[in-house]
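Understanding the architecture of this molecule
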Amino acid sequence: MKKEKEYAVIVDDVYKDFKQYYDKANSLKEKLIFWKRNENELLHILKGINLKIKKGKMVALIGTNGSGKSTLLKLMSRIIYPSKGKIEVNGKLVSLIELGAGFHPDFSGRENIYFNASIFGMTKSEIDKRVEQIIDFSELKDFIDNPVRTYSSGMYMRLAFSVAINVDADILLIDEILAVGDQHFQDKCHAKMKELKNAGKTIVFVSHSMGTVNEFCDEAVWLQNGIIRKYGETKEVTKEYLETCR
């Protein structure tokens, strides 16, 4: 059991299925007249995933669209749950998966910092101590008291990322949202992720940029059709992946 504590995330024989409905009936009348509208197909998104991510590692999830990367990340973050199998997380976890999740469009950026950080488990006094640090990193000082519905997608991402990295979590899960920002802020985020990694944090992120993956990650997990095609040292995995994409 002690050996298992070396791992930040343990994915044990995980399956995830979704039902896809075809022309779903919206009323009782439609259900009676168009009874075939309730037909559905079970989509097998993940098929027996086994994965152990060591603490302090930076790991990329790679693969083509529809391979199950984002689904696996959402399962790790407990936004959704497995159809079968289990996932163990050892440490405080924050996720940046859906851009602006937890933000209220009619409230200001400052107010949303408090809402979002409280969702991640921070107390008001803890947020008070870090709010200026969060604003400074986001570079949104001139807009921080404006409603977030007036923000661009890049501004949303800046604020969401700035909150997440200041929660002092052990594990950070990131989807491809970093691609939303401009080059300056992407570089700033990458530098911050390196800093967090050097501080012993575990980072798991989805990326289609093999350059970024090779530069920052210790390991890569290649997903294909809902299974792990290869998991290991980053350059070895990305090389084989890119060869199949040609």
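Residues numbered from 1 in each chain as written. Predicted model: local features only at pLDDT ≥ 70, side-chain atom pairs only at ≥ 80, totals over all residues. Heavy atoms only, no water.

Re the overall build of the chain
Formally: Strands here mean DSSP runs of E at least two residues long; helices mean DSSP runs of H or I at least four residues long; both are numbered from the N terminus. Under the scheme applied here, a residue whose accessible area is under 20% of the maximum for its type counts as buried, over 50% as exposed, and between as partly exposed, the area being computed with a 1.4 Å probe on protein chains only. Exposure was quantified through the Shrake-Rupley algorithm and a 1.4 Å probe, taking into account, for residues, occlusion by the shown protein chains and nothing else.
The helix and strand inventory of the chain stands at eight helices and nine strands. Expressed as a percentage of its 246 residues, the buried residues of the chain come to 43%. Element-wise, carbon and sulfur atoms account for 49% of the exposed surface of the chain, whose accessible area totals about 12900 Å².

Thoughts on the layout of surface pockets
For clarity, the cut-off: We place a 1 Å grid over just the protein atoms. Points where a 1.4 Å probe fits but has no way out form a cavity, open points with protein on both sides within 12 Å along at least 5 of 7 lines form a pocket, and any residue with an atom within 4 Å of a point lines it. Grid points are joined across faces, edges and corners, and a volume is the space filled by probe spheres set on the points. Throughout, the ten residues Ala, Val, Leu, Ile, Met, Phe, Trp, Tyr, Cys and Pro are labelled nonpolar, Asp, Glu, Lys and Arg are labelled charged, and all others, Gly among them, are labelled polar.
Here the second largest pocket is characterised by a volume of approximately 160 Å³. If you trace the second largest pocket, you find 16 residues lining it, with I165, D168, A169, L196 and K201 closest to the centre. It is helix α6 (residues 183–198) that contributes the most residues to the lining of the second largest pocket, three residues altogether. Looking at the lining of the second largest pocket, its residues break down into nine nonpolar, two polar and five charged.

Concerning the pairing of strand β8 (residues 219–224)
Spelled out, the test is: In this scheme, strands are said to pair when DSSP sees at least two bridges between them.
Direction of pairing for strand β3 (residues 58–62) relative to β8: parallel, over a ladder of four bridges. Within β8, the residue paired with V59 across the bridge is E219. Note: β8 against strand β9 (residues 227–233), six bridges, orientation antiparallel. Bridged to E219 within β9 is E233. From the end of β8 to the start of β9, which pair antiparallel, there are two residues, and N225 there has a positive phi angle of about 50°.

Some words on the side chain of K16
Going by this rule: All tallies of charge rest on Lys and Arg as positive and Asp and Glu as negative; His and the ends of each chain are not included. Salt bridges are counted wherever a side-chain nitrogen of Lys or Arg sits within 4 Å of a carboxyl oxygen of Asp or Glu. Contacts were defined at the residue level, with two residues in contact if any of their heavy atoms lie within 4.5 Å.
Secondary-structure assignment places K16 in strand β1 (residues 7–21). Here K16 occupies a buried position and makes no salt bridge, while the nearest side chain of opposite charge, D17, is found at 8.2 Å. If sequence neighbours within four positions are ignored, K16 has contacts with L43, H44, I45, L46, T71, L75, I80, Y81, P82 and S83.

As for the packing of aromatic side chains
Worth spelling out the cut-off: Between rings of Phe, Tyr and Trp, where Trp is taken as its six-membered ring, a pair exists when centres lie within 6.5 Å; planes separated by under 30 degrees are stacked, by over 60 edge-to-face, and by other angles tilted.
Throughout the structure, instances matching the rule amount to six aromatic pairs. Ring centres 5.7 Å apart and planes at 45° place the aromatic pair F103 and Y156 in the tilted group. Taken as a pair, F103 in the loop between β5 (93–96) and α3 (109–119) and Y156 in helix α5 (residues 153–164) lie far apart in primary sequence, 53 residues in all. Exposure class is identical for F103 and Y156. Each is buried. Judged by centre distance (5.5 Å) and plane angle (70°), the ring pair of W222 and Y241 falls under edge-to-face.

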